[in-house]
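# Residue-level structure breakdown
Read off the chains here:
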Amino acid sequence: MSSQILKKNILYLCLQLRHISNRTCIAKIGREKYCRMYPTTVVNSDGSSFTIRYHEPRKIIHLPMDTSQLTPEELQKHLNRKKIHEKIVIEDTPDDDFDVNRYSHLWKTKPQNKK
């Protein structure tokens, strides 16, 4: 008789679990953070890299350089790379034989139709 009660309890437990699993498919998952993680490459300041799982879809993350461990020469090189370089200005020489008046007929307005 106890075996029949045990079978009924197991059957009832299985039905209960199935009901819970179906319910979770339809209802919203009540979590603040989702488990989705994205493969991301982390690059150290020395150039070495490794792959981690990150919560945002990023391709690569560069870690900043520790300037306290650099020599004064290396620090100066690093700071010079950050400076804005002057733009090279190319001067136009008026040696060409381009005549604007040859093309003035292209931008003149057409006369409007008279009624």
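Now for a quick tour of the structure. A quick note: this is a predicted structure, and the numbers were derived from the prediction, not measured.

## Notes on the pattern of salt bridges
In this structure the tally under the stated criterion is 1 salt bridge. Linking Arg58 and Glu56 is a salt bridge whose minimum nitrogen-to-oxygen distance equals 3.0 Å.

## Some words on the sheet that holds strand E1 (residues 38–43)
An order of E2-E1-E3 is seen for the 3 strands of this open sheet, with the pairing classed as mixed. Where the open sheet ends on each side, the last strands, each with one partner, are strand E2 (49–54) and strand E3 (60–62). Neighbour-to-neighbour, the strand axes of this sheet turn through a mean angle of 30°, independent of strand direction. Pairing geometry for E1 and E2, over 6 bridges, is antiparallel. Its bridge partner lying in E2, Thr40 is registered against Ile52.

Parameters at a glance
Residues numbered from 1 in each chain as written. Predicted model: local features only at pLDDT ≥ 70, side-chain atom pairs only at ≥ 80, totals over all residues. Heavy atoms only, no water. Salt bridge = Lys/Arg side-chain N within 4 Å of Asp/Glu carboxyl O. Pairing = 2+ DSSP bridges. Helix = DSSP H or I, 4+ residues; strand = E, 2+ residues; numbered from the N terminus. Axes fitted to C-alpha atoms, helices over the stretch in contact; angles between N-to-C directions.

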